[in-house]
Amino acid sequence: MKFSTAASAFVLGLCATGTSAFAAEQIHIAGSSTVLPYATIVAEAFAEANPSFKAPIVEGGGSSAGLKEFCKGVGDDTIDIADASRPIKDSELEACKAAGVTEVQEIRIGYDGIVFASDIKGPDFAFEPADWFNAIGAQVLKDGQLVDNPNAKWSDVKAGFPDWDIAAYIPGEKHGTREVFELNVLLAGCKATKAYDAFIASGLAKGDAEKACAKVRKDGKAVDIDGEYNETLARIDSNKTGIGVFGLAFYENNKDKLKVATMNGIAPSVETIAKGEYPVSRPLFFYVKKAHLGVVPGLKEYVEFFLADQMIGPRSPAVAKGLVPAPKEERQKVLADFQAGKTL
Amino acid sequence: MTEAASSPPASRIGGTDVRKISKIDIGLKRRYAAERRFRTYGLLAVTIAICFLVALFGSIVSRGYTAFQQTRISMIVDFDPSIIAPNGDRSAAAVMSGNAFRFDDLIAASLQKTLEIDPNDEDALYDGLDLLSKGSAPMLRSMIAADPSLIGTKRSVDFYATGDVDAFIKGSIRADIPESQRLIKDKHIVLIEKLEKEGALRLAFNTGLFTNGASTRPEMAGVGVALVGSLYMMLVVLVLSLPLGVAGSIYLEEFAPKNRWTDLIEVNINNLAAVPSIVYGLLGLAVFINFAHLPRSASLVGGLVLTLTTLPTIIIATRAALKAVPPSIREAGLGVGASKMQTVFHHVLPLAMPGVLTGTIIGLAHALGETAPLLMIGMKAFVVEYPTTPFDPATALPTQIYMWATEPERAFTERTSAAIIVLLAFLLAMNSLAIILRRAFERRW
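Residues numbered from 1 in each chain as written. Chains lettered and ligands numbered in written order. Predicted model: local features only at pLDDT ≥ 70, side-chain atom pairs only at ≥ 80, totals over all residues. Heavy atoms only, no water.

Chemist: Got a sec to walk through the overall build of chain B? Specific residues and values, please.
Modeler: Along the backbone of chain B there are 20 helices and 4 strands. The C-alpha atoms of chain B give 33 Å as radius of gyration, which overshoots the globular expectation for 445 residues (22 Å, by more than 25%). Taking the principal axes of the C-alpha coordinates as reference, chain B spans close to 115 × 75 × 40 Å. Evaluated residue by residue, chain B yields a buried proportion of 46% over its 445 residues. Nonlocal contacts in chain B, meaning residues at least 24 apart in sequence, comprise 76% of its contacts between residues at least 6 apart. As presented, chain B carries roughly 22,800 Å² of accessible surface, and 65% of it is formed by carbon and sulfur atoms. Taken as two groups, the 42 positive and 39 negative side-chain charges of chain B have centres that lie 16 Å from each other. (Helix = DSSP H or I, 4+ residues; strand = E, 2+ residues; numbered from the N terminus. Rg over C-alpha atoms; globule rule 2.2 N^0.38 Å. Buried < 20%, exposed > 50% of the residue type's maximum accessible area, 1.4 Å probe, protein only. Contact = heavy atoms within 4.5 Å. Areas by Shrake-Rupley, 256 points an atom, 1.4 Å probe, with all protein chains shown as cover. Lys, Arg positive; Asp, Glu negative; His and termini not counted. Charge placed at Lys NZ, Arg CZ, Asp CG, Glu CD.)

What follows is the structure, encoded as structure tokens:
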């Protein structure tokens, strides 16, 4: 038929124009959705500052998905950079090496802070990790005994907290944020309340006791949010006595709706996180395929551009968006390590 | 006793016949009541559906319509040759190279003039620059590169205000909340009022929403790349799925023998139409990207995956349309000596065409709104530059909506709804086209 002839001619034409476009013309990035806003800011600024390179393509998808894509191999159809909100795991590095990605460069770009916030019209909260552990831990210490969490209201957790039903919206288990939350809040609270010692005394090994500490109650008082922070905000909008976990940047953008709580008496801010005073923060990374440097146009320049003070320094656009900058020496060391070609 | 009280005297007089008729009457009443109830249920169902639809459209439109307008700040820019082309080279290449900050200087100078800022007062200058989009300098740069004859002139340029200023002007950031919780500070409000008084600040139609690519600055972000990506994908889907689907269904309907194999194929096609589209995304990732090594994020791969999702729909619609052509047409064709193929292509297919086209367009509309499979093949990405071929990275309208919906800035919230409006407009246009084509070619027997 006439139509199908035209159609096949079109497809053939597509293939003909396509083969030439196959060589990687631009940087391809995928990974953590926490790093995504910073990566896009830098990608945009990079394209504006270097009109000779094409703008990098940045995808989200999560740290694990990004690293999996990253470790698929070397070549045009694989990504060049994986963003991650946690260090690469040994198992992932092995998978990388097995697929031929033998040289991986680690770039630490700064820090991310996690804040606890409730509705703007509610009372002020001053939390300690122990309060969170007692509120949402699966098993807590009561009168010296390990029991299933009996606390139903915040006022049960600590005198002085409001008479609110506990409703905590915490990051879901696939979130990179969850690990930091478990380590710096639940585990810290578990140790502070001596529940950790009780777990050990009950015969658990060290690792199992830590796992027991990080376990969250399953009776609906703690809700895992697997989506974005917007969803957490919507939950708090509909339940004014809920308390949510947010990224610092998200909170900064929604200050008119949310009231932030202090942790160990320290209010989260770019300064307190950079100084290491605020306890709930984590480093952010991206990983570069060394084999692609010099092959993908602009890759080396992009990494150096990313590490410039103008991008992730104290008064940079990434910081305005919520990134907590690393101290100057650390930033300089990261850049020097990259330029020296240091690999993992 | 009870018998006499309950039954009317007439029935006893008239005997069995009257009683029968009155019983039938009672049954009729009940059946009428049942029908009325059924009608009420139906009406209720339709009303509820309409209420939901109105609420959905109402919320989307009320949230999104503001995004079609945007705050602009117009200022007189002095295109000073000594700043733009310090070495005298006015070519586009020279403009795009060299010190990038010289364009910020141009903007700072014109802002100082417009707001009458003391040139030595740096704080005031930075407060003023806070109002302008951070994309202003690159915009000015590419504007000069596109038209180097601007150098040496003085003319008014429309700059974008930042998303926060835009949200403030439109009222989604309110002035009556305490300053510490507000993204627009008091010092900015003073400047905004000053600009408004001078007539430099105005709302204009937001063309950038349709022409710009992705941006981290909401005021510079648009669905341009997504539109082109979606267009390429629709083209690939149309070119592949229409001939394949129509050829497949003609063979199955007109030529294939009816046996266990064709039954199996039919069952499978019906099954495939119901497979969740994310499965096709995984398939596309495995086959087109990992095995065939097609580029990630390319609209060609998106189009191929969407072809897979729409093919069953098109085949089912085409087969139904072919089935609806009366057998007398085929018999008449064969009867006057036409071959089977001539009968099908000269008589049956033209008569089935309205149904085929409707099925295809509805399949395409379905593919246009499809999101899940695109997430798997990397089309949820930050893409700034327009794709020139279907092999270049691109996004699609639904993935763009998904990405904007996760952004924290207030200005992205309204853009999300605006992008939904754009998508709905396309869907509406495609469905109307389907109706028009059906009306135009429809043949009744």
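From this point, things continue past the structure.
Chemist: Could you give an account of the pairing of strand E1 (residues 28-31) of chain A, naming the residues involved and the relevant values?
Modeler: Residues and elements named next belong to chain A. Of the two faces of E1, the one carrying His 28 and Ala 30 and the one carrying Ile 29 and Gly 31 are both buried. Pairing between E1 and strand E2 (residues 57-61): 3 bridges, direction parallel. Counted as the bridge partner of Gly 31 is Gly 61 from E2. Viewed along the sheet, the connection from E1 through helix H2 (residues 36-49) into E2 turns out right-handed. Alignment of E1 against strand E3 (residues 81-84), held across 3 bridges, turns out to be parallel. Across the sheet, residue Ile 29 finds its bridge partner in E3, namely Ile 81. (Pairing = 2+ DSSP bridges. Right-handed = clockwise from strand over helix to strand, strands pointing away.)

Chemist: Give a detailed account of the domain arrangement of chain B, specifying residues and quantitative values.
Modeler: Residue and element names in this part refer to chain B. Under the domain assignment, chain B is made up of domain 1 (2-64), domain 2 (68-208) and domain 3 (224-441). Relative to domain 3, the C-alpha centre of domain 2 lies at a distance of 44 Å. Facing the 8 residues of domain 2 at the interface are 7 residues of domain 3. Between domain 2 and domain 3, roughly 570 Å² of surface is buried when both sides are summed, and carbon and sulfur atoms account for 53% of that area. Interface area lost by domain 2 to domain 3 is led by Phe 68, Lys 170 and Ser 172, which between them contribute 51%. The tally of links between domain 2 and domain 3 comes to 1 salt bridge. Where Lys 170 meets Glu 414, a salt bridge forms, and the shortest distance between an N and an O atom there is 2.8 Å. (Domains from an automatic or database assignment. Buried area = accessible area lost by both parts, 1.4 Å probe. Salt bridge = Lys/Arg side-chain N within 4 Å of Asp/Glu carboxyl O.)

Chemist: Before we move on, can you summarise the state of the cysteines with the specific residues and values?
Modeler: Residue and element names in this part refer to chain A. All told, the structure shown has 2 disulfides over all chains when counted by the stated rule. Here Cys 71 pairs with Cys 96 through a disulfide, and the sulfurs are 1.9 Å apart. Classification of the bridge connecting Cys 71 and Cys 96 rests on its S-S torsion, roughly -75°, and on that basis the disulfide is left-handed. With Cys 71 in the loop between helix H3 (63-70) and E3 and Cys 96 in helix H4 (residues 90-98), this pair connects stretches of sequence that are 25 residues apart. Note that Cys 190 is cross-linked by a disulfide to Cys 213, the S-S spacing being 1.9 Å. (Disulfide = S-S within 2.5 Å.)

Chemist: Report on the domain arrangement of chain A, specifying residues and quantitative values.
Modeler: Size of an interface, as often reported, equals the accessible area lost when the parts are brought together. Residues and elements named next belong to chain A. Domain annotation of chain A identifies domain 1 (24-111 + 282-339) and domain 2 (113-281). The C-alpha centroid of domain 2 is placed 30 Å from the C-alpha centroid of domain 1. Taken together, the contact between domain 1 and domain 2 spans 10 residues of the former and 11 residues of the latter. Both sides together, the interface formed by domain 1 and domain 2 hides about 910 Å², and carbon and sulfur atoms give 61% of it.

Chemist: Can you explain the confidence of the model for chain B? Please cite residues and give values.
Modeler: All names here are of chain B. Averaged over all residues, the pLDDT of chain B equals 87, while 94% of them reach at least 70. Note that pLDDT drops below 50 for residues 1-7; the model gives that stretch 1 contact with residues more than four away or on any other chain. Scored by ipTM, the complex comes to 0.74, with pTM at 0.77. (pLDDT = per-residue confidence, 0-100.)

Chemist: Could you give an account of helix H10 (residues 186-198) of chain B, with specific residues and numbers?
Modeler: Residue and element names in this part refer to chain B. Along its 13 residues, H10 runs 19 Å from first to last C-alpha, staying within 8% of the 18 Å computed at 1.5 Å per residue. Residues of H10 that are buried: His 188, Ile 189, Leu 191, Ile 192 and Leu 195. Angular distribution of buried residues about the axis of H10 spans 165°; they occupy a single face of the element. Of the exposed residues in H10, those oriented more than 90 degrees away from the buried face are Val 190 and Lys 197. (Expected span 1.5 Å × (residues − 1). Arc of directions from axis to C-beta.)

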